Amino acid sequence: QVQLVESGGGLVQPGRSLHLSCAASGRDFSDWFMGWYRQAPGKERTRVAMMTSYGTTLYADPVRDRFTISRDMAKNTVSLQMNDLNLDDTAVYYCSAKDPPSSQEYWGQGTQVTVSA
């Protein structure tokens, strides 16, 4: 059974940092894209950052230069270091694993990130 489990969310003040982690299990994801999406209240889920199986990274413009994605292929984990958080970063963050050839995709249950003064 495939599972993606996120951790590391919480409440932080603007300008502070958080580190999200996602542990994937149930299959080998080394050939898959893995990344992070987020969904703010009343808004659509959007991609935050993605890393391909070759190590190429993709970032959404609002988080570029503040967020860093990393993967440990051996451990099937993907992480997101979020620095200089602002109010617009408040959302539920979801871990994603996607197989581009088949478009099959798995999601975690989400972890809440709240940025508030």
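The following refers to the structure shown. Source: prediction; values computed, not measured.

1. Things to note about the sheet that holds strand 7 (residues 67–72)
Phase 1: Taken in spatial order, the 4 strands make up an open sheet running 1-3-8-7, and their pairing is antiparallel. Looking along the sheet, the strands with just one partner apiece sit at the ends: strand 1 (3–7) and strand 7. If you compare each strand with its neighbour and ignore which way they point, the axes differ by 15 degrees on average.
Phase 2: Pairing geometry for strand 1 and strand 3 (residues 18–25), over 5 bridges, is antiparallel. Of the residues in strand 3, the one forming a bridge with Gln-3 is Ser-25.

2. What about the packing of aromatic side chains?
Phase 1: Scanning the model with the defined rule gives 4 aromatic pairs in all.
Phase 2: The interplanar angle of 85 degrees and the centroid separation of 6.2 Å between the aromatic rings of Phe-29 and Tyr-106 together place this pair among those described as edge-to-face. Of this pair, Phe-29 sits in the loop between strand 3 and strand 4 (33–39) while Tyr-106 sits in strand 10 (residues 104–107), placing them 77 residues apart in sequence.
Phase 3: Under the relative-accessibility criterion, Tyr-106 is labelled partly exposed at 23%.

3. Some details on unusual backbone geometry
Phase 1: Its identity as a non-glycine residue notwithstanding, Asp-65 has a phi of 80 degrees, on the positive side.
Phase 2: The topology assignment puts Asp-65 in the loop between strand 6 (57–59) and strand 7.
Phase 3: The exposed category is assigned to Asp-65, whose relative accessible area is 79%.
Phase 4: Residue Asn-76 is not a glycine yet carries a positive backbone phi of 55 degrees.
Phase 5: Within the secondary structure layout, Asn-76 lies in the loop between strand 7 and strand 8 (77–82).

4. With respect to the pairing of strand 8
Phase 1: For strand 3 and strand 8, the ladder comprises 6 bridges, and the chain directions are antiparallel. When the sheet's bridge partners are listed, Cys-22 is paired in strand 8 with Val-78.
Phase 2: Direction of pairing for strand 7 relative to strand 8: antiparallel, over a ladder of 6 bridges. Bridging from a neighbouring strand, Arg-71 pairs with Val-78 of strand 8.
Phase 3: Linkage of strand 7 to strand 8, two consecutive antiparallel strands, is achieved through a turn of 4 residues, within which Asn-76 is found at a positive phi near 55 degrees.

Calculation criteria
- Residues numbered from 1 in each chain as written.
- Predicted model: local features only at pLDDT ≥ 70, side-chain atom pairs only at ≥ 80, totals over all residues.
- Heavy atoms only, no water.
- Pairing = 2+ DSSP bridges.
- Helix = DSSP H or I, 4+ residues; strand = E, 2+ residues; numbered from the N terminus.
- Axes fitted to C-alpha atoms, helices over the stretch in contact; angles between N-to-C directions.
- Phe/Tyr/Trp six-rings, centres within 6.5 Å; stacked < 30°, edge-to-face > 60°.
- Buried < 20%, exposed > 50% of the residue type's maximum accessible area, 1.4 Å probe, protein only.

By themselves, these figures tell us nothing about what the structure is for.
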